[in-house]
Amino acid sequence: MSIILIDNTVTFVKEKLEGAEAGHDWFHIERVWKLSLKIAENENVDSEVLQLGALLHDIADAKFHNGDETVALKISRDFLESQNVSEEMIEQVLFIIQNISFKNRGEVPENLSLELQIVQDADRLDAIGAIGIARTFNFGGFKNNLMYHPEILPKLGMTKEEYKKSEGTTINHFYEKLLLLKDLMNTETAKKIAAERHVFMLKFLEEFDREWQVQV
């Protein structure tokens, strides 16, 4: 494995995401990268593909580029080609970037690579638990969405296009996505971590509702 390639990728991502929204910045990438390595400890994976996929998975999140999902693929390809990465490895990394998203779960092919499954698990783990709660409210504030409105109900089972255009409340996002992630984990390691983080979110929502109702 090329340590120089990974180091160069870290530097590239840090520079590219400087000033990014705090829920999708370098620190999010770093957590997903570390979680991917943790999950992969007892798995037989291509560590280089795994790490490149984790480091580049949010290099240009479509939600910040008018929904264009091709931007991240182009930026990643251009960078990897500049590092003289083989075409085979580039395709493996781009496959991770293209198929990792929650909103694309109905479009992904069967027999996903283990590398993709692990990075996907790590990315989804970072969307739940204490960090997930913080990221959700940060993004809600970034979008100036309501925290909660008792008359605006969650929209379950949205299509990809409906999900991309959704401007619901931050609390609704828990029911529309975050609480669903526990049952979408691929690896046993991620399932165990997700179970704990899921419980934490349920406790948070219970307390949020109690305080909203002014039940002191």
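Analysis parameters
Residues numbered from 1 in each chain as written. Predicted model: local features only at pLDDT ≥ 70, side-chain atom pairs only at ≥ 80, totals over all residues. Heavy atoms only, no water. Helix = DSSP H or I, 4+ residues; strand = E, 2+ residues; numbered from the N terminus. Rg over C-alpha atoms; globule rule 2.2 N^0.38 Å. Contact = heavy atoms within 4.5 Å. Buried < 20%, exposed > 50% of the residue type's maximum accessible area, 1.4 Å probe, protein only. Lys, Arg positive; Asp, Glu negative; His and termini not counted. Salt bridge = Lys/Arg side-chain N within 4 Å of Asp/Glu carboxyl O. Polar contact = N/O pair within 3.5 Å; in protein donor to acceptor, adjacent residues only side chain to side chain. Phe/Tyr/Trp six-rings, centres within 6.5 Å; stacked < 30°, edge-to-face > 60°. Core = buried A, V, L, I, M, F, W, Y, C linked by side-chain atoms within 4.5 Å. Expected span 1.5 Å × (residues − 1). Axes fitted to C-alpha atoms, helices over the stretch in contact; angles between N-to-C directions. Parallel < 35°, antiparallel > 145°, perpendicular 65-115°, else oblique. Left-handed = near helix turned anticlockwise from the far one by under 90°. Nonpolar A, V, L, I, M, F, W, Y, C, P; charged D, E, K, R; others polar.

**Student:** Looking at this model, I keep getting lost on the overall build of the protein. Mind explaining?
**Tutor:** For the protein, the helix and strand inventory stands at 10 helices and 0 strands. Going residue by residue from the N terminus, the α and β elements of the protein occur as α-α-α-α-α-α-α-α-α-α. Since a compact globule built from 216 residues should have a radius of gyration of about 17 Å, the 18 Å found for the protein is in line with a globular shape. Along the first, second and third principal axes, the C-alpha atoms of the protein reach 60 × 35 × 30 Å. For the protein, contacts bridging at least 24 residues in sequence account for 66% of all contacts bridging at least 6.

**Student:** In this structure, what is going on with the side chain of Arg 124? I would like to understand it.
**Tutor:** You can see Arg 124 is positioned in helix H6 (residues 114-125). Although Arg 124 lies buried, it forms no salt bridge, and the closest oppositely charged side chain, Asp 121, sits 5.5 Å away as judged by the N-O distance. Engagement of the side chain of Arg 124 in a polar contact is seen with the backbone oxygen of Leu 184, the distance being 3.2 Å.

**Student:** Even after reading the chapter, I still don't get the environment of Lys 143, so can you show me in this structure?
**Tutor:** Residue placement: Lys 143 occurs in the loop between helix H7 (129-142) and helix H8 (160-165). For the pair Lys 143 and Glu 167, spaced 24 residues apart in the sequence, the C-alpha separation amounts to 8.5 Å.

**Student:** I tried to follow the packing of aromatic side chains on my own but got confused; where do I start?
**Tutor:** For any two aromatic rings, the description comes down to two numbers: the centre-to-centre distance and the angle of the planes. All chains considered together, the criterion is met by 10 aromatic pairs. When the ring of Phe 137 is compared with that of Phe 204, the centres are 5.9 Å apart and the planes differ by 75 degrees; the resulting orientation is edge-to-face. Of this pair, Phe 137 sits in helix H7 while Phe 204 sits in helix H10 (residues 188-212); the two residues are 67 residues apart in sequence, bridging distant segments of the chain. Given the relative accessible area of 24%, Phe 204 is considered partly exposed. In this structure an aromatic cluster arises from ring pairing among Phe 137, Tyr 148, Phe 174, Phe 204, Phe 208 and Trp 212.

**Student:** Would you explain the pattern of salt bridges in this entry?
**Tutor:** Side chains bearing opposite charge may pair, as long as their charged atoms lie close to each other. Evaluation of the coordinates by the stated rule reveals 10 salt bridges. The shortest N-O distance in the salt bridge between Lys 34 and Glu 30 comes to 3.7 Å. Pair noted here: Lys 34 and Glu 30 are both in helix H2 (residues 26-39), with a separation of 4 residues, about one helical turn. Given a relative accessible area of 21%, Glu 30 falls into the partly exposed group. In this structure, Glu 87 engages Arg 77 in a salt bridge whose closest nitrogen and oxygen atoms are separated by 3.0 Å. Of the two residues, Glu 87 sits in helix H5 (residues 87-99) while Arg 77 sits in helix H4 (residues 71-82), which places them 10 residues apart along the sequence.

**Student:** Looking at this structure, how should I read the nonpolar core?
**Tutor:** Across soluble globular proteins, nonpolar side chains have a tendency to be buried as a group. Counting residues in each nonpolar core, the largest one holds 56 residues, and the members touching the most others are Val 13, Leu 56 and Leu 125. Those elements that place two or more of their residues in this core are helix H1 (3-16), H2, helix H3 (47-56), H4, H5, H6, helix H9 (170-176) and H10. Setting aside residues up to four positions removed in sequence, Leu 56 forms contacts with Thr 9, Phe 12, Val 13, Ser 76, Phe 79, Leu 80, Val 93 and Ile 97.

**Student:** Is there a simple way to explain H2 in this structure?
**Tutor:** Along an α-helix, residues three or four positions apart point the same way, because every turn accommodates 3.6 residues. The end-to-end C-alpha distance of H2, which contains 14 residues, comes to 20 Å, matching closely the 20 Å that a straight helix rising 1.5 Å per residue would cover. Those residues of H2 that are buried are in contact with H1, H3, H6, H7 and H10. Between the side-chain oxygen at the start of H2 and the backbone nitrogen of Phe 27 there is a gap of 3.2 Å, and the oxygen is on Asp 25.

**Student:** Would you mind going over unusual backbone geometry with me for this structure?
**Tutor:** Peptide bonds are trans in most cases, and residues, glycine excluded, mostly fall at negative phi. The residue Asn 84 is not glycine, and still its phi comes out positive at about 60 degrees. Note that Asn 84 resides in the loop between H4 and H5. Overall, Asn 84 belongs to the exposed group, its relative accessible area being 69%.

**Student:** Would you mind going over the environment of Lys 155 with me for this structure?
**Tutor:** Mapped onto the elements, Lys 155 comes out in the loop between H7 and H8. Owing to a relative accessible area of 54%, Lys 155 belongs among the exposed residues under this scheme.

**Student:** Any chance you could explain the packing of H2 against H6 here in plain terms?
**Tutor:** The axes of two packed helices give the description: the angle between them and the distance between them. The interhelical angle for the contact between H2 and H6, taken along N-to-C directions, is 130 degrees, at an axis separation of 8 Å. With respect to H6, the element H2 is oriented oblique. Seen along the crossing, H2 lies across H6 with a hand that is right-handed. Residue-level inspection shows His 28, Val 32, Leu 35, Ser 36 and Ile 39 of H2 in contact with H6, the latter providing Ile 118, Val 119, Asp 121, Ala 122, Asp 123 and Leu 125. Among the residues making up the contact of H2 with H6, the classes are represented as 7 nonpolar, 2 polar and 2 charged.

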